[in-house]
Amino acid sequence: MDQKIPIHKVGVVVVVKYDHKEWQTLLLRPNPKKNDRTPPLVPPRGTRQYQDADGEWKDAREVEDAIAHAKKEWEKFADTAQRELWEEAGIAPELSNKRGLTEIGEREYIALHKPEEERGAPYRIHWFLLELKPDDIDVQKKLPEDATEIGWFTLEKMEEKAALGEARPGYVAIVKEAMELAAKRSEARGTRARSR
């Protein structure tokens, strides 16, 4: 992977844990780019923006955009994350600010759903974790503008959906990593609370 290409993709693993139950992650089905194809379930993720010569913010959708505008001013990773959370998952910036985004960092994405010879080069995505509380789930009253469906899935259910081609298998590892991080943080909070 060429480290000189600016990271132009950002993702957020949103998790919640109900009392004495497994962690669940928010997956969404984006609006189809082609009318004849139903997209698979994915975590909220999207494209960073750069500021062009006219001062306008534009999506760096392709690697070529990222390379061509490498010297331009880029949107901060957290700003992209909050924008995508709102557009794709209906989670307002006020809620993500209240709960706090935890930076996981960059991970390579590999299109595991494609045959190996068709995958192309892996690319980097800058990831965050957003841990919600069960009461936060009620704030999502309407479907966000960039998704046709959203839902909560255990890791096992996500893996099942990925095996059936209904979710992107390339995201399973980062969701697992984020759930493990959330579990450690939750355990540390519980230990601190018991020691008081």
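Relevant structure appears above.
Thresholds applied
Residues numbered from 1 in each chain as written. Predicted model: local features only at pLDDT ≥ 70, side-chain atom pairs only at ≥ 80, totals over all residues. Heavy atoms only, no water. Helix = DSSP H or I, 4+ residues; strand = E, 2+ residues; numbered from the N terminus. Pairing = 2+ DSSP bridges. Polar contact = N/O pair within 3.5 Å; in protein donor to acceptor, adjacent residues only side chain to side chain. Phe/Tyr/Trp six-rings, centres within 6.5 Å; stacked < 30°, edge-to-face > 60°. Buried < 20%, exposed > 50% of the residue type's maximum accessible area, 1.4 Å probe, protein only. Core = buried A, V, L, I, M, F, W, Y, C linked by side-chain atoms within 4.5 Å. Contact = heavy atoms within 4.5 Å.

Of regular secondary structure, the protein chain possesses five helices and nine strands. Overall, the protein chain shows an N-to-C arrangement of helices and strands of β-β-β-β-β-α-β-α-α-β-β-β-α-α.

Spatial strand order, β5-β4-β6: three strands in an open sheet with antiparallel pairing. Because the sheet does not close on itself, it has two edges, and the strands there are β5 (57-59) and β6 (73-74). Inspection of the sheet shows strand β4 (residues 49-51) paired to β5 by three bridges, in the antiparallel sense. In the strand pairing of β5, Tyr50 is matched with Lys58.

What follows covers the side chain of Arg29. In this structure, Arg29 sits in strand β2 (residues 23-30). A polar contact of 2.7 Å, which involves the side chain of Arg29, links it to the backbone oxygen of Pro39.

Another aspect to go through is the packing of aromatic side chains. Counting across every chain of the model gives four aromatic pairs. Here the aromatic rings of Trp127 and Tyr171 are separated by 5.8 Å at their centres, their planes lie at 75 degrees, and the arrangement is edge-to-face. Here Trp127, found in strand β8 (residues 123-132), pairs with Tyr171, found in the loop between α4 (155-163) and α5 (172-195); they are 44 residues apart in sequence, far enough to count as distant. According to the relative accessible area criterion, Tyr171 is buried, its value standing at 4%. Through successive ring pairs, a cluster of aromatic residues spans Tyr109, Tyr123, Trp127 and Tyr171.

In terms of nonpolar packing, the biggest core is built from 26 residues, with Val13, Val15, Trp127 and Tyr171 touching the most fellow members. Elements with a minimum of two residues in this core: β1 (9-17), β2, β7 (101-109), β8, β9 (147-154), α4 and α5. It is α5 that provides the largest number of residues to this core, a total of six residues. For Val15, the contacting residues outside a window of four places in its chain are Trp23, Gln24, Thr25, Leu129, Leu130, Glu131, Leu132, Trp152, Met179 and Ala182. Counting 14 residues, the second-largest nonpolar core is a separate cluster that includes Val12, Leu26, Ala81 and Ile91.

Attention now moves to the environment of Glu75. Relative to the elements of secondary structure, Glu75 occurs in the loop between β6 and α2 (77-89). In this structure Glu75 comes out as buried when scored by relative accessible area, which is 10%. Expressed as a C-alpha distance, the spacing of Glu75 and Asp59, which sit 16 residues apart in the sequence, is 9.7 Å. When residues no more than four places from it in sequence are discounted, the contact partners of Glu75 are Thr47, Arg48, Gln49, Trp57, Thr80 and Arg83. A polar contact is formed between the side chain of Glu75 and the side chain of Arg83, at a distance of 2.7 Å.

Mapped onto the fold, Thr47 is located in strand β3 (residues 45-47). Classification of Thr47 by relative accessible area gives buried; the value is 4%. Polar contacts involving the side chain of Thr47 include one to the side chain of Lys9, which spans 3.0 Å. Apart from the residues lying within four places of it in its own chain, the contact partners of Thr47 are His8, Lys9, Asp59, Ala60, Arg61, Glu75, Thr80, Arg83 and Glu84.

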